[in-house]
Every structure is written in structure tokens, then in C-alpha cells.
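Below, each chain spelled out in residue letters.
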Amino acid sequence: MIEARDVSVAIAGKRIVAGVDFAAYPGEVAAIVGPNGSGKTTFLMALSGELAYTGHVVLNSRDLLAMKPVEIAVHRAVLPQATTLSFPFTVREVVKLGLVGGRSGVLPGEDARLPERALARVDLDGFAGRFYQELSGGEQQRVQLARVLCQVWTPVLDGRPRYLFLDEPVSSLDIKHQLIIMTIARDFARRGGGVVAILHDLNLTAMFADRIFAMHRGRLAATGSPRDVLSDDLIEKVFDCRLRVGVLPAGNVPFVLPQSAVY
Amino acid sequence: MVDQSIAGPVKGLAGASEGDRSGRARIVILLLCLGLVIAVLLSLTSGASDASAVNVISVRLFGIVPDDAVLSARDSLIVYDIRLPRIILGMLVGAALAVSGAVMQGLFRNPLADPGLIGVSAGSSLGAVAIIVLGATVLAPLTAWLGTLALPLAAFCGGLATTLLLYQVATRRGQTSVATMLLAGIALAALAMALTGILIFTADDRQLRDLTFWQLGSLGGATWTKIASVGPIIVLALAAMPFLARGLNALALGEATAGHLGISVQRLKYTAIIGVSAAVGASVAVSGGIGFVGIVVPHLLRLLIGPDNRYLLPASALLGASLLLLADAVARTVVAPAELPIGIVTAITGAPFFLWILLRKRGVVDL
């Protein structure tokens, strides 16, 4: 599991994250929600080991600070909000960069075809030969997810669970691909891995998250199952917006919920 | 940033996966090896003198004694003590400059980064000129202690100081701003050149002539002694660079993502900077300012085999070595029996090429 105790992060003297307690368990999708600027991404960066923090982060029973980048990379993969590429790599070459650490977990001979399998998973079959920079924003986001999946292809390695850190994984995706990506995340958890995802869509969060962490001004405002956390009061407090949970629109205004998807 | 000519799906070789250019890269590297052999033979046989390399080689290797023994001794001298060291030095310098360019571009995540462009070469020059001008006076203890290593070491330190300074100025919180890098490079180069100018101002006539030719860039002074002093530095630096390839590939996704993939980014950056400074410093020390090899060679190769550094770095070394040999062959023969500084040849072909890159990228690339 991943456990964070009393984690604080200050950037340029300004405290962005203050005393957050957090835990992500194998088999579960943990969603971090909160308004813009509430410290979600900063907290995930601390959890990834790329940002200095105070407090304790324990990854699979080891202190994160005592682990080398190459060791951390075996236990978790990170999908950032946006990735810019500086040279004209093909899609396949980008996805293959996920294998740099060399612990995808598949049998030695299977690594060669892994980029194609990962691309198929994110519904990008046949994109391998395209140039990354020519793709649309949503397609690029899915290429990056394919790369991240290659890094931790098997959710469990050497008996230890591995984790996917996803920072707004569906932010530029259409509804079909939002569902595909969230299903991949849930499937990764069902097979023994763990997922930590920053999400903005509360309906998707309610549908896919096992546990919600709501952040507000750098602090943890609430934590628990979607049923417990997504209440009128909490949403008003955290998002500063008066909304009511479970209310249908009046009259015949159409509305579409991801939960209505038929597979 | 995508070149129009290479847009569209990339087909691999027969049997390879689509988008996988590694097979093509291997073939290109094989062809480049062949090209280098041809360039070496061409350089060995061409020059102001009519010395026959074929004769010399047949004497040395196969013990065939030619009809005219006197002529043979002269030829042997020209081929063995003039052309051969010059060829070896040319290969070392060409490879060092091209690979340094590729590594810098990977490090700064920009295809326009080049040791000559961003002041690294100017810093190396400053170190080298300091030794040339002050070596007999102020720095005499240093030159006495280090001997022939003084010049390359001073050039290395100058290049290293410039690169480190540049990196500190241009990098904020793990992101390197390319605009800042180019501007800081211009400022650092100007500063280094001004300091070099002061040194030149104090130089005597004989030193002045040496300096002028050295600054224009030339492989003319190649001797076995020079190779012995800078060769090991360049070979070591070149040997270390392939270990950076995977890290540089990951770095194309950004420093944070490279870290997520398990790369020790800080160590990668410092190894790259020290390697580049050593290679460029050693090259500048022996051959002066030879420009544009570091930018033209990797760019051409990226069009051919893609940006994967595992292939780009060795291919750059091979093509850089071949191109410099050809440029030197041109420099030696075009105004024979006089000799053009090779820096003029590379600049006169490289600068228009550089402009052409900029034109093609106009509107698509943001600096």
C-alpha cells in the first residue's frame, strides 16, 4: 500500500499542501477531487517522489525518501496532466519509453509486442507509425497512458502491488474514451494493483472510485466512499458551489450520465 | 516541430512493427561505417603531395619493395607522419563535435542547441588561448607541471565552466528555457570572446599568427604527440556517451517524466555536461573553432533514423568523423599548395544549412 502521513509541500515559501494524510490500497481506485489550485497535483507530485516534502510517504512498506528513482519506477507509474515532446518520435517509440526501466513484468520475449498491446488497450490500434506531435490532444493523452501502462504492465510484481498515478487522465477525452480509460484503471485495481487518480468529473468519480479524498486549500477536507463523501454539504464546502446530489433536471432537459453506458 | 517531409505513418522494415525505426537505424549505421572507411581512404590518398598511400601501405603491410626506394621513404613520411595523424585527429574531433551536439540537444530538449552556438566552444577557446598566450609567463608553473595536457585541460575547464553557468542560468525548477539558454549563451560567448580579446591584445606577433589560424579552425598541426594528449580524453568522453542514450530518450518527455521512468535526472545532466565539456574542450584545444558539425550532423540523422539516441549517438559519431575528413580534404586541396582553415569550410556549408533548418521550422517551432 501507499501511505502518506502529515505530508506538507511548500513551493517558493508558499505552502501548497498542508498536513495531508492519505492511503491507497491495492485493489482500489482512490480518487482525489477538489477545486483548481487546491493542491491535488502538488500532492501527487510529492507522492511520485519528484517534489520535496515534509512528513512521511511509505510505498510498499519502504520510505520513499530512501528509494532510488529506478526502484520507485518499479512500483509506480505516473501519467502527468500534459506531456510535451521535444523531438519527432513516433507513437510506438513514445510508448516504448515506458519500458526504459525494464520491469514491465511480462515474460522476457513478450516485451517486443507490448507497445502494440498497450496501444490496443487505449483504443489506438494502428497509430504506432504516426508521429506523436501530429495527434490530437486526446490521442496524445492516450498514447501517454499506453506508455504508463507498459511501465507497470502487470499490476502485481514479485508479490507486491504496483500503482498507477493518474493526473486528470480523462481531461481531454470524449465520453467513449473517458469510459475506456476509467475501465482500464478499475481493471488494473481489480487485478491487484492500485490506482490514484485526480478527477474533476464527479459522476465518473462516483462510478469508478472506491475511495475519495476531497482536497480544499491544500488540506484534506473529507475522505471515504463516494456515498459518504459526495454530499450536498461537502460539495458546497469544498467546491464553493451550491449543488445537490441526485437531483434530476427539471422538465425535459436532456442529461447523460456515464453510468448509463451499456457495454 | 514535425518536418513535412517525414510526416505520415512511418513504415518499418519488412517484418518490423510499424513506427519501429530501429531496423532502419541499424542499416544506416552500417552504411555510415562503410562511408567512414571510404572517407579515410580518400583522405589518405589525397593531398598537396603526390605521395602514394597505396605504395606506403603495401610496403608496411605486405613488405613489397617499390622500384624507387628514396621516393618511398618520402611517401612514407608524408603518409605516416602527416596524413595519418591528421586523419585520426579529424575523426576524433568530428565524432566528438557531432556527438556533443546530439547530447546537448537531448539535454536542452531542443534541436538548435550546439556547443558552438551557446558559448561552450567560446569558453573552451578562452581556456586554450590563456595557455597559448600566458603559458610562458604567468601560467608557466601550470604549463610546466601539466606539459602537453595543459592546453586540452584548460580548454576543458573553460568549456565546463561555461556549460555549468549556462545550465544554472537557463534552468528554473527543472525546466530549461530555450530562449534564456540561447540569450545566456550569446552573453557568455561575448564575455568569453572579450576576455580572449584582452589576451590576444597582449600577445606578441608570433603568438598572434598562431592564434588567428587556430581560431579559424584547422587540423593542420596534427601530430602523434597531440593525438596522445587529447585522444584519450575524447575517446573516454565518446565511450561514456552511449550510456546516456536511454536517459536522454526519456528526457525528451521532460525532466519530471524521465524521473518517473526511473532515470536519475540530476546525475544524467551532470554526466552529459562533463562529457560534452571534455569532448568539446579537447577538440577546441587541438583544432580550434570548427563550427556547425554539432548541429548539422544530428539534424540530418534525425530525419533519417529518428531521434532515438541509442542509434543517433553512434551514427552522429560516424557521420561527424566522415564529414570532417571530407571537409579537411576540401580544405587541403581546394587552394593547394596553400591550405584553407577547415572552420571556414564547415561554416560556409553549415551556416546556410542551419538557416534552412530555421526556415523549414518557421511557424512550427517556438523557441
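Since the model is a prediction, treat every value here as computed from it, not as a measurement. (Residues numbered from 1 in each chain as written. Chains lettered and ligands numbered in written order. Predicted model: local features only at pLDDT ≥ 70, side-chain atom pairs only at ≥ 80, totals over all residues.)

J.: Please clarify how the overall build of chain A should be interpreted in this entry.
T.: A tally of regular secondary structure across chain A gives nine helices and 12 strands. For chain A, the C-alpha radius of gyration of 19 Å lies close to 18 Å, the compact-globule estimate for 263 residues. By principal-axis analysis of the C-alpha atoms, chain A measures approximately 55 × 50 × 35 Å. Across the 263 residues in chain A, those meeting the buried criterion constitute 49%. For chain A, contacts bridging at least 24 residues in sequence account for 67% of all contacts bridging at least 6. (Helix = DSSP H or I, 4+ residues; strand = E, 2+ residues; numbered from the N terminus. Rg over C-alpha atoms; globule rule 2.2 N^0.38 Å. Buried ≥ 20, exposed ≤ 12 C-beta atoms within 10 Å, placed from the backbone. Contact = placed C-beta atoms within 7 Å.)

J.: Would you mind showing me how to read the environment of Leu-42 of chain B here?
T.: Of note, Leu-42 of chain B is situated in helix H1 (residues 22-45). Taking the C-alpha atoms as reference points, Leu-42 of chain B and Leu-325 of chain B, separated by 283 residues in sequence, lie 8.7 Å from one another.

J.: Help me understand the interface of chain A and chain B, please; the structure alone is not making it clear to me.
T.: Buried accessible area, meaning the area lost when the parts come together, often serves as the stated size of an interface. In this complex, chain A contributes 30 residues to the contact, which on the side of chain B involves 34 residues. Of all the secondary-structure elements, those providing two or more residues to the side of chain A that touches chain B are helix H2 (69-75), strand E6 (76-79) and helix H3 (91-96) of chain A. When its residues are assigned to classes, the side of chain A that touches chain B shows 15 nonpolar, nine polar and six charged. (Nonpolar A, V, L, I, M, F, W, Y, C, P; charged D, E, K, R; others polar.)

J.: How do you make sense of the nonpolar core when you look at a structure like this?
T.: Core analysis: the largest hydrophobic core is formed by 188 residues, its most contacted members being Ala-185 and Val-195 of chain A together with Ala-96, Val-99 and Ala-282 of chain B. Broken down by element, the residue count for this core peaks at 16 residues, all from helix H3 (residues 69-108) of chain B. Beyond its immediate chain neighbours, meaning those up to four positions away, Ala-282 of chain B contacts Ala-96, Pro-152, Ala-155, Phe-156, Val-230, Ile-233 and Ile-234 of chain B. (Core = buried A, V, L, I, M, F, W, Y, C linked by C-beta atoms within 7 Å.)

J.: Honestly, the sheet that holds strand E1 (residues 2-11) of chain A in this entry has me stumped. Any pointers?
T.: Adjacent strands of a sheet form backbone hydrogen bonds with each other and so pair up, either parallel or antiparallel. All names here are of chain A. Within the open sheet, the four strands sit side by side as E2-E1-E4-E5. Their pairing is antiparallel. Either end of the sheet is taken by a strand with one partner, and the two such strands are strand E2 (14-24) and strand E5 (62-63). Bridge analysis of E1 against E2 gives seven bridges, and the strand direction is antiparallel. What sits directly across from Glu-3, in E2, is Ala-23. (Pairing = 2+ DSSP bridges.)

J.: I tried to follow the pairing of strand E4 (residues 54-59) of chain A on my own but got confused; where do I start?
T.: Remember that side chains alternate between the two faces of the sheet whenever the strand is regular. All names here are of chain A. Of the strand pairs in this sheet, E1 and E4 are connected by five bridges, and their pairing is antiparallel. Bridge pairing links Ser-8 to Thr-54 in E4. If you look at the hairpin formed by E4 and E5, you'll find two residues sitting between the two strands, and Asn-60 has a positive phi there, around 45°.

J.: Would you mind going over the pairing of E6 of chain A with me for this structure?
T.: Residues and elements named next belong to chain A. In E6, alternate side chains face the same way, and those of Arg-76 and Val-78 on one face and Ala-77 and Leu-79 on the other are all buried. Looking at chain direction, E6 and strand E9 (residues 163-167) are connected through four bridges and run parallel. Residue pairing for E9: Arg-76 is matched across the bridge by Tyr-163.

J.: Explain the confidence of the model for chain B here, please?
T.: Parts of the prediction with low pLDDT should not have their coordinates interpreted in detail. Residues and elements named next belong to chain B. When pLDDT is averaged along chain B, the result is 83; 85% of the residues meet or exceed 70. This stretch, residues 1-7, has a pLDDT under 50; its non-local contacts, to residues over four places away or in other chains, come to 17 contacts. Overall, residues 363-367 carries pLDDT values under 50, and its contacts beyond four positions in sequence, including any with other chains, amount to five contacts. With pTM at 0.88, the complex prediction returns an ipTM value of 0.92. (pLDDT = per-residue confidence, 0-100.)

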